[in-house]
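# Geometric and topological summary
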Amino acid sequence: MKINKLKISIHIPLYVDKNKKFKKIQFNKIIREFLKITSKTKVHIHTNKKNYLPLRNKNVRIVYHNLKNTDPLKLTWKCRDLMESQKKNFDVFIYSEDD
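Okay, so let's go over this structure.

Analysis parameters
Residues numbered from 1 in each chain as written. Predicted model: local features only at pLDDT ≥ 70, side-chain atom pairs only at ≥ 80, totals over all residues. Heavy atoms only, no water. Helix = DSSP H or I, 4+ residues; strand = E, 2+ residues; numbered from the N terminus. Rg over C-alpha atoms; globule rule 2.2 N^0.38 Å. Buried < 20%, exposed > 50% of the residue type's maximum accessible area, 1.4 Å probe, protein only. Polar contact = N/O pair within 3.5 Å; in protein donor to acceptor, adjacent residues only side chain to side chain. Contact = heavy atoms within 4.5 Å. Core = buried A, V, L, I, M, F, W, Y, C linked by side-chain atoms within 4.5 Å. Pairing = 2+ DSSP bridges. Salt bridge = Lys/Arg side-chain N within 4 Å of Asp/Glu carboxyl O.

Once that is clear, we can look at the overall build of the chain. Scanning the chain from terminus to terminus reveals two helices and four strands. In the chain, the succession of helices and strands from N to C terminus is β-α-β-β-α-β. Taking 2.2 N^0.38 as the reference for a compact globule, 99 residues should give roughly 13 Å; the C-alpha atoms of the chain span a radius of gyration of 14 Å, in line with that estimate. Taken along its principal axes, the extent of the C-alpha atoms in the chain is 45 × 30 × 20 Å.

Okay, structure coming up:
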């Protein structure tokens, strides 16, 4: 199968902490590079903060997870259910950290 035919699902956990400096420019560059792989690439950003990132691309989806009373490190596991539900719709899955 040619790479331009592959359907790719990318999942990136992004924990927003008021004490942590977020490098938005670097993060946006990572997203843009992922989207260059194929036109069928979909990026899912899993975050704990609603309306934190503006949605600027139809192939980028923000997935909010309420982490109240939950260990913030669990955010890295939250994408698994969505990935499981997507297994018949995508050829390749990529898990990437936010940095």
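Quick look at the side chain of histidine 46 now. Residue position: histidine 46 is located in strand S2 (residues 41-47). Note on histidine 46: relative accessible area 1%, which makes it buried. One polar contact links histidine 46 to histidine 65, side chain to side chain, over a distance of 2.8 Å. With near-sequence residues (within four places) excluded, histidine 46 lies in contact with His11, Ile12, Pro13, Leu14, Val63, His65, Leu75, Cys79 and Leu82.

Across soluble globular proteins, you tend to see nonpolar side chains buried next to one another. Ranked by internal contacts, the top residues of the largest apolar core, which has 14 residues, are Ile12, Phe27, Ile31, Val43 and Ile45. Those elements giving two or more residues to this core turn out to be strand S1 (8-14), helix H1 (24-35) and S2.

Next up on the list: the pairing of S2. Of all seven residues that make up S2, six are buried, and the element is covered over most of its length. Relative to S2, S1 runs parallel, the two sharing seven bridges. If you follow isoleucine 10 over to S2, its bridge partner there is valine 43. Taken together, the five bridges between S2 and strand S3 (residues 60-64) define a ladder with parallel strand orientation.

Quick look at the pattern of salt bridges now. Applying the stated rule across the entire model yields two salt bridges. A salt bridge links lysine 36 to glutamate 33, with the shortest nitrogen-to-oxygen separation between them at 3.1 Å. Given the relative accessible area of 60%, lysine 36 is considered exposed. The exposure class of glutamate 33 is partly exposed, given its relative accessible area of 42%. Put simply, glutamate 84 and lysine 87 hold a salt bridge, and the shortest N to O gap is 2.7 Å. For glutamate 84, a relative accessible area of 48% corresponds to the partly exposed category. With a relative accessible area of 48%, lysine 87 lands in the partly exposed category.

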